[in-house]
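# Inside the fold
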There are 4 protein chains.
Amino acid sequence: MVIILRPDVTPDQRHAVEARLRDCGFQVVFSPNGTQVTMAAVGEGTMPGMEDMLRMPGVADVRRIPAPFKLASRIFREDSSVIRIGDVEIGGKSIVLMAGPCTIESEEQLVRTGAAVYAAGARIMRGGAFKPRTSPYSFQGLGEEGLKLMRRVADAQGLLVISEVMDKSQIALMDRYVDIFQVGARNMQNYPLLRELGSVERPVLVKRGLAATVDEWLMSAEYVMSGGNDRVMVCERGIRAYETYTRNTLDLNAVAVAKSLSHLPVIVDPSHAAGIRDKVPPLARAAIAAGADGLLVEVHYDPERAICDGPQSLFPEQFQELTGQIRMIAEAVGRTL
Amino acid sequence: MVIILRPDVTPDQRHAVEARLRDCGFQVVFSPNGTQVTMAAVGEGTMPGMEDMLRMPGVADVRRIPAPFKLASRIFREDSSVIRIGDVEIGGKSIVLMAGPCTIESEEQLVRTGAAVYAAGARIMRGGAFKPRTSPYSFQGLGEEGLKLMRRVADAQGLLVISEVMDKSQIALMDRYVDIFQVGARNMQNYPLLRELGSVERPVLVKRGLAATVDEWLMSAEYVMSGGNDRVMVCERGIRAYETYTRNTLDLNAVAVAKSLSHLPVIVDPSHAAGIRDKVPPLARAAIAAGADGLLVEVHYDPERAICDGPQSLFPEQFQELTGQIRMIAEAVGRTL
Amino acid sequence: MVIILRPDVTPDQRHAVEARLRDCGFQVVFSPNGTQVTMAAVGEGTMPGMEDMLRMPGVADVRRIPAPFKLASRIFREDSSVIRIGDVEIGGKSIVLMAGPCTIESEEQLVRTGAAVYAAGARIMRGGAFKPRTSPYSFQGLGEEGLKLMRRVADAQGLLVISEVMDKSQIALMDRYVDIFQVGARNMQNYPLLRELGSVERPVLVKRGLAATVDEWLMSAEYVMSGGNDRVMVCERGIRAYETYTRNTLDLNAVAVAKSLSHLPVIVDPSHAAGIRDKVPPLARAAIAAGADGLLVEVHYDPERAICDGPQSLFPEQFQELTGQIRMIAEAVGRTL
Amino acid sequence: MVIILRPDVTPDQRHAVEARLRDCGFQVVFSPNGTQVTMAAVGEGTMPGMEDMLRMPGVADVRRIPAPFKLASRIFREDSSVIRIGDVEIGGKSIVLMAGPCTIESEEQLVRTGAAVYAAGARIMRGGAFKPRTSPYSFQGLGEEGLKLMRRVADAQGLLVISEVMDKSQIALMDRYVDIFQVGARNMQNYPLLRELGSVERPVLVKRGLAATVDEWLMSAEYVMSGGNDRVMVCERGIRAYETYTRNTLDLNAVAVAKSLSHLPVIVDPSHAAGIRDKVPPLARAAIAAGADGLLVEVHYDPERAICDGPQSLFPEQFQELTGQIRMIAEAVGRTL
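Procedures and definitions
Residues numbered from 1 in each chain as written. Chains lettered and ligands numbered in written order. Predicted model: local features only at pLDDT ≥ 70, side-chain atom pairs only at ≥ 80, totals over all residues. Heavy atoms only, no water. Contact = heavy atoms within 4.5 Å. Buried area = accessible area lost by both parts, 1.4 Å probe. Salt bridge = Lys/Arg side-chain N within 4 Å of Asp/Glu carboxyl O. Polar contact = N/O pair within 3.5 Å; in protein donor to acceptor, adjacent residues only side chain to side chain. Helix = DSSP H or I, 4+ residues; strand = E, 2+ residues; numbered from the N terminus. Nonpolar A, V, L, I, M, F, W, Y, C, P; charged D, E, K, R; others polar. Pairing = 2+ DSSP bridges. Axes fitted to C-alpha atoms, helices over the stretch in contact; angles between N-to-C directions. Least-squares fit on C-alpha atoms with pLDDT ≥ 70 in both.

### A look at the interface of chain B and chain C
Each partner contributes to the interface: chain B provides 36 residues, whereas chain C provides 36 residues. Roughly 3000 Å² of surface becomes buried between chain B and chain C when both sides are summed, with 53% attributable to carbon and sulfur atoms. Put simply, chain B and chain C have three salt bridges between them. For Asp-167 of chain B, the salt bridge identified is with Lys-168 of chain C, shortest N-O distance 4.0 Å. Between the two partners, chain B and chain C, sit 18 residue pairs in polar contact (both at pLDDT 80 or more). For the side of chain B that touches chain C, the elements supplying multiple residues, two or more each, are α6 (191-197) and α7 (214-226) of chain B. With five residues, the top contributor of residues to the side of chain B that touches chain C is α7 of chain B. When the residues that make up the side of chain B that touches chain C are grouped by side-chain class, the tally is 14 nonpolar, 12 polar and 10 charged.

### A few points about the sheet that holds strand β14 (residues 294-298) of chain D
All names here are of chain D. Around the barrel, eight strands lie side by side as β7-β8-β9-β10-β11-β12-β13-β14; this closed barrel has parallel pairing. Geometrically, the sheet is characterised by an average inter-axis angle of 25° between neighbouring strands, direction not taken into account. Bridge count for strand β8 (residues 124-126) against strand β9 (residues 160-164) is three bridges, and the pairing is parallel. Bridge pairing in β9 places Ile-124 opposite Leu-160. In this fold helix α4 (residues 144-157) packs onto β8 and β9, with an angle of close to 160° to the strand it touches most, β9. Across the face of the sheet, helix α7 (residues 214-226) comes into contact with β11 (204-207), β12 (232-236) and β13 (266-268) while running at roughly 155° to β12.

### Some points on the sheet that holds strand β9 (residues 160-164) of chain A
Within a sheet, each strand pairs with its neighbour through backbone hydrogen bonds, oriented either parallel or antiparallel. Residues and elements named next belong to chain A. In space, the eight strands of this closed barrel follow the order β7-β8-β9-β10-β11-β12-β13-β14, with parallel pairing throughout. Sheet twist, expressed as the average angle between the axes of neighbouring strands with direction ignored, equals 25°. Here strand β11 (residues 204-207) runs beside strand β12 (residues 232-236); their pairing, made up of four bridges, is parallel. By the bridge assignment for β12, Leu-205 is matched with Met-233. Lying over the sheet, helix α8 (residues 252-261) contacts β12 and β13 (266-268), oriented at roughly 165° with respect to β13.

### Overview of the relation of the copies chain B and chain C
Overlaying chain B with chain C gives an RMSD of 0.0 Å, the required rotation being 180° about an axis along which the chain moves by 0.0 Å. This pairing of chains is accounted for by a two-fold axis. For chain B, the residue whose C-alpha comes nearest the rotation axis is Ala-211 of chain B, separated from it by 3.0 Å. Comparing contact sets, 100% of the residues at the interface of chain B also lie at the interface in chain C, consistent with an isologous, same-surface contact.

Below, the structure written as structure tokens:
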């Protein structure tokens, strides 16, 4: 249940409404929605009558949220969320490009790749320090050393940093180096991790699980938001289908659906969706045409020698060419790059 | 095996090569590829040595086609196929729009919808006279009466006509009224139908089955081509996945893969992929951004009163707005509308 | 809507009820259900009031059928259908085994395979004369010559014959040789074919499409039944999933669901579901344990030399061992073999 | 690479072989396989020549393991693993039944359900104390209080205890109360958790993720094993498909495939695969017929009042009837209950 307060609501009236919802067993979450204040009753309470709530002083409107997610719903917040980090806005008019290597390897790799993606228009650098590898015998990432390196290089180039967190025990450490926490597809339903990310300051990007429905995906965002962190964005990265020519199957239906159900920014990762370099640009262009707010792309200054995911990493020139096309497509859908 | 003949090959040399392949048990199919003549050995013969073939007089090059489809492969024909019908080109530089109602209902419906889609840039009108309905108790289409109507209206408005054929027994009848035969997703592996379409003059559009791989989809095109009809295009219309918010899931990976494996034009039907009107434009835009050669879209002058698929049919104004966006996106990928 | 008439209903009363339903725009189909007569109103009529119908003389009960399929529903017919062909019963207490080669090759093949499967307990012989092959260049079956051969061999051994029909133009020919028409997975939604099979005398087995829902599968059975042929059985043969170790994924959830929603016999084809010989017996046993009424299994006297599907065909000894296990499992679920 | 040592190998010879593999960059893991000692070289080393290794004194045989999992492979260990806990054997001749409520609710619930499942033949009690719920607002489990309760009740009834661990931070606590750690489907690729479970003494059951391939599933078992804990079993619980009549789709192909690729015990959870009570028994029977080593079933003494998963929990009488059928099916496949 969402309660929209009148612009002239008094503090006492507001407290009375809040108290009433808590008495029913709900948690109460606030959202400033333009000039109005909106209040969501979430959790497992006993729903009070709509009429009763409407009659309370200071209440402008009352609505049910039929979706299982509440804080992530457009009914709770009509306007699209914009997440600001420094002078970068995610979910605003401008398309956001996050690009960089799959895994952090070396200073040279980061410096050269970072310079290339910055020149092409990216403002956020990606790179993994803790890698979720299918095999326990594969390289598992450079850990803190890698994060330090990426922070230093990114700062020098004026880039922000996004990196994957795999377990809640890594949060405190990573918080010192990254600007955005990325939750990987395999951890989309790692609830202890999501809960803990609900209490950090930094934004969180939640990748969609390999076979997650849109509801489940947005519920994972809701886990973070229910802990108090409303700077959440979600990321589509391909679902598992039966085709073997590509690694996964990009699901742009889900992007269109998520954009209409939720106010959260929706990012697309075409690299994992394709798994093959030459299929990345078509999918990246398609994502922006379908309404995505940004891209998370693997780029490597020398993909043939990448430790991980080389075959799906773009060459810097390919990324440069792609961003030129993205600019024109962004315009077609009323955005900029 | 593909054999590329030298520009100066003599008729005798050509016949010798052809005879050799036939002796090995193969069928031989010719394709003029620019200034050269290309010959494919298809079927279940015993492959002769590559060296032996190369040594035959008049032979410029010999290549294996590892894919199961041969005539549909880019190895057989490097340049993209362009299908010409009157002054419309499918697969050329210009994006082709096919639009119209799900099912043919009445003259008013066709006239008003036809005028609207023509004004917005469509050059081909779609409309079903024989409808594959999941329930035997649902309306099954107007049949020949509907085809006559659509032909008349289309001619008056300068549109071409595409309509679905469900059984080989309908081919002779439909041939009198349509410009393009459409094979529906449910019939993608109706081999007697595909074979029979191999001997018609008119182009054939083969929709991808609900769970078909790209190989199976292109093999269905190959069925038609192996009968002698090389004017084939394929159409992606969404695969079956687990999400319930939309009817199907548009698979643009398949579009990118098909465009690189095959020289055939690839069309996208965003209407069946979405199943909901407001999700059609984002998917349509994405399809063109991903490299599709055209769109097959359901438009109805009054969708609320459509007999069939009303909820996924665009209003004429929506289609008009969409084609404006498509024009800009086409430009971003080096195409026109 | 299903109307159950009283045991003492008069012909006039029955005609009145029937006339009422036809006036509402429905087709009326009868089913003798034990001592009572049951009448289904199917099609796109305007539903009369339940109360009104209940008040008509001779009417014992009135029920809605919420499912899209009507004649195939257990609400229309509570008892499981039993299809009798000679002294074989499909859907009765006894499990039915249909076994034989993928494709008809030669007299020796049929005689030796037929003898083996008969000895192991099979009463119906399978074998394809018209083969739906993914490639137009693969062997397409022996056609009528093959059917003649199979009929002769089967008669000599006391076996019935099931074979696949691919197009409605083949029905008249096949009707002279087969006891059961098999509709393949690729043709599950070939509606002209299903409709035509609605007017034959012989039973029809409808295989489930590769990605068909249970509703769609039963609707295809309904297509046949709506034409007047109520001797229909359905066959699960594996759905398309993402795993590559096996050809398809057997879906026994669908068997359990179909058995509760519908009165039709449910057969399972473990051979296509597995695609590998040594995985066929576990899936075959599982099918019977889950409640299937019979099996359709590929057996070849010499699988290594089979023209088609050799790798998934059982050796005669394997089939013999399997039927021994099936006998014990049948007993565990109150059946016999 | 697997190296099988001769029965008369000397300690010095063994050390030499081990040292050689370590020099190549591998980790070395030992497995006593009957009277022989088997050694696996795992990790990212440089493979030495097969011939070279065979020539080393004390070496009986050398084999490559083509699968990505090594310790979980049947090539490393031919005989099926048997996990012993007290007098219960998992993976031996006898089928193992694990049964109990979805979530721990109260002493009465556990006592009554525990008594019922014990009487029906179960030897292991399931029940969740930490619940992975899709919604952050749903009941999240009783935590330690619940574990204490279940331990007490299970001890009184002679049952072992299995319960789900959601995060590595819960391991130490849970280790005091449970006999088997269960890793849920959502955490199948929570690698920090799997790694940590590699160093506990107790057995671990790894549920298959909703869209995991058999390779990925066995790789998750490998993660635990690579840490030194070889008492691992895997559990199939249904994959995500497109059907909506049931919650998931049980995949018995995967059971048959896992049993042939790996020596690990394979358990089946028919409750989550069905999601509806009356579909659980057919799937449970099918699992045993397909070769599963045991079942993990939800049973509740009063399912209508269960906090969680009531609709898929069996009534005690249903479970009793099911185990009677399982006993007969077990016999058909050479097992006992």
